[in-house]
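Examining the three-dimensional arrangement
Next come the chains, spelled out residue by residue.
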Amino acid sequence: MLLSALGFSLMSACVKEVSSLGIPVLEIVAARAIVSLILSYADIKRKQLTVWGNNKPLLLARGLVGAFTLIFVYYSVTTLPLAEATLLQYLHPVFTAILALLFLKEVIQRSTMACIVISLLGLFIIIQPNMQLTMQANELPLDTLSVDTLLVDSTSKYSWLSIGAGILGALGSAVAYVLVKKLTKTDDSSVIIFYFPLVALPISVLLLGDDFVVPSLTAVGLLILVGIFTQVGQVGLTKAFNSSDANKASAYAYVQIIFSVAIGWAYFGEVPILTTIIGGSLIMIGALINVLWKR
């Protein structure tokens, strides 16, 4: 899980950097899928396994959910600071608990309820700068609204669309975690990973359409690194869930937030504001309460 967290943090940094070179999000998703597809296929052949797996409907579902989750996550990463984008992804325990209640009829424990309340409070604090700016815009006189609204938008720390994409990414991650945990009982980790790019590639290419941008040599190198670091993260994640209790493994995943804050500060010059630090700490505390209480 520690290796996985580092891999995903470096992947996010490469995604953010390559997007600054003018490469669309869907093209980044497609490039990542190509690299992951090649690496996963080679790994399956090395293990002498069939590429199609056993539980095909569930494998396809995992690929479909993963594809759209990836689009949402990449959009939030390219339009938000790394710390904020990563924190929004780690709202997934909230959605996991709700999905388990609705579809698996699992009872929400007190620790999970505490996680939901504390994490949502953390989210509310993180988006406070946006809420204040929106309220200011709504209070402006109508004759000055157009000019002042542009000023408010330009000084805003976050984009509402980016925040929404990050939250949808967290929801997709929750669904994906449940599917991966189920699939580890019937299929090899390499096959599970293989289906992700297998489904994501045609979807991203179809949605990209005519927006393809010919990448520079630097962009090509970054796109390859996106695929490689993704593979490191995926292999680490799948292996951890296959060899350990999901709750125990998940506790170590939160190191990714620390990695992302460090990379964002050191490379992109992104210094988290006070609301991000407070809200992010609450999200981490809520998640760790949910994990450690059960142990």
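About the thresholds
- Residues numbered from 1 in each chain as written.
- Predicted model: local features only at pLDDT ≥ 70, side-chain atom pairs only at ≥ 80, totals over all residues.
- Heavy atoms only, no water.
- Helix = DSSP H or I, 4+ residues; strand = E, 2+ residues; numbered from the N terminus.
- Buried < 20%, exposed > 50% of the residue type's maximum accessible area, 1.4 Å probe, protein only.
- Areas by Shrake-Rupley, 256 points an atom, 1.4 Å probe, with all protein chains shown as cover.
- Expected span 1.5 Å × (residues − 1).
- Polar contact = N/O pair within 3.5 Å; in protein donor to acceptor, adjacent residues only side chain to side chain.
- pLDDT = per-residue confidence, 0-100.
- Contact = heavy atoms within 4.5 Å.
- Salt bridge = Lys/Arg side-chain N within 4 Å of Asp/Glu carboxyl O.
- 1 Å grid on protein atoms, 1.4 Å probe; cavity = no way out; pocket = protein on both sides within 12 Å on 5 of 7 lines; lining within 4 Å.
- Points joined across faces, edges and corners; volume = space filled by probe spheres on them.
- Nonpolar A, V, L, I, M, F, W, Y, C, P; charged D, E, K, R; others polar.
- Axes fitted to C-alpha atoms, helices over the stretch in contact; angles between N-to-C directions.
- Parallel < 35°, antiparallel > 145°, perpendicular 65-115°, else oblique.
- Left-handed = near helix turned anticlockwise from the far one by under 90°.

**A look at the overall build of the chain**
Looking only at helices and strands, the chain has 14 helices and zero strands in total. In the chain, the succession of α and β elements from N to C terminus is α-α-α-α-α-α-α-α-α-α-α-α-α-α. A total of 295 residues make up the chain; the buried ones form 47% of that total. By element, 70% of the accessible surface of the chain is carried by carbon and sulfur atoms, the whole surface being about 14200 Å².

**Looking at helix H10 (residues 189-208)**
Look at H10: 29 Å from first C-alpha to last across 20 residues, which is about the 28 Å you get at 1.5 Å a residue. Where burial is concerned, most of H10 is hidden: 14 out of the 20 residues are buried. Between the side-chain oxygen of the N-cap and the backbone nitrogen of serine 190 there are 2.9 Å, and the N-cap of H10 in question is aspartate 188. Taken from the residues just after H10, glycine 209 is the one with a positive phi, measuring 60 degrees.

**Some words on the confidence of the model for the chain**
Looking at the chain, pLDDT values average 83 and 86% of them are 70 or higher. Of all the helices and strands in the chain, helix H8 (residues 145-155) carries the lowest mean pLDDT, 42, while helix H3 (residues 56-79) carries the highest, 94. When the criterion is pLDDT under 50, residues 144-156 qualifies, and its contacts beyond four places in sequence or with other chains add up to eight contacts.

**Quick look at the environment of isoleucine 192**
Its location among the elements puts isoleucine 192 in helix H10. Spatially, the C-alpha atoms of isoleucine 192 and tryptophan 52 are 9.4 Å apart, while their sequence positions differ by 140 residues. Filtering out sequence-adjacent residues up to four positions away, isoleucine 192 remains in contact with Leu59, Arg62, Val180, Leu183, Thr184 and Asp187.

**Topic: the pattern of salt bridges**
Counted according to the given criterion, the structure contains four salt bridges. Residues lysine 47 and aspartate 188 are paired through a salt bridge, measuring 3.1 Å at the closest nitrogen-oxygen approach. Within this pair, whereas lysine 47 is found in helix H2 (residues 25-47), its partner aspartate 188 is found in the loop between helix H9 (160-183) and H10, the two being separated by 141 residues in sequence. Put simply, Asp43, Arg46, Lys47 and Asp188 are held in one network by salt bridges that share partners.

**Some thoughts on unusual backbone geometry**
Residue glutamine 48 is not a glycine yet carries a positive backbone phi of 60 degrees. By secondary structure assignment, the location of glutamine 48 is in the loop between H2 and H3.

**Description of H2**
Between its terminal C-alpha atoms H2 stretches 33 Å, which fits the 33 Å expected from 23 residues at 1.5 Å a residue. Positive backbone phi, at 60 degrees, marks glutamine 48, one or two positions downstream of H2.

**As for the environment of serine 19**
Take serine 19: it is sitting in helix H1 (residues 2-19). Those residues in contact with serine 19, other than ones at most four positions away along the chain, are Ile28 and Thr78.

**Remarks on empty space enclosed by the protein**
Applying the stated rule across the entire model yields two cavities of 30 Å³ or more. By volume, the largest cavity amounts to about 410 Å³. Residue assignment for the lining of the largest cavity shows that the elements contributing at least two residues are H1, H3, H9 and helix H11 (217-243). Per-element accounting of the lining of the largest cavity gives the leading share, six residues, to H3. Residues of the lining of the largest cavity, tallied by class, amount to 14 nonpolar, nine polar and two charged. Put simply, the second largest cavity is a space of about 50 Å³. Forming the boundary of the second largest cavity are Arg32, Ala33, Ser36, Leu70, Ile193, Phe196, Pro197, Ala200, Thr230, Gln231 and Gln234.

**A short note on the packing of H2 against H10**
Viewed as axis vectors pointing N to C, H2 and H10 meet at an angle of 150 degrees, and their least axial separation amounts to 8 Å. Here H2 lies roughly antiparallel to H10, going by the angle between them. By crossing handedness, the relation of H2 to H10 is classed as left-handed.

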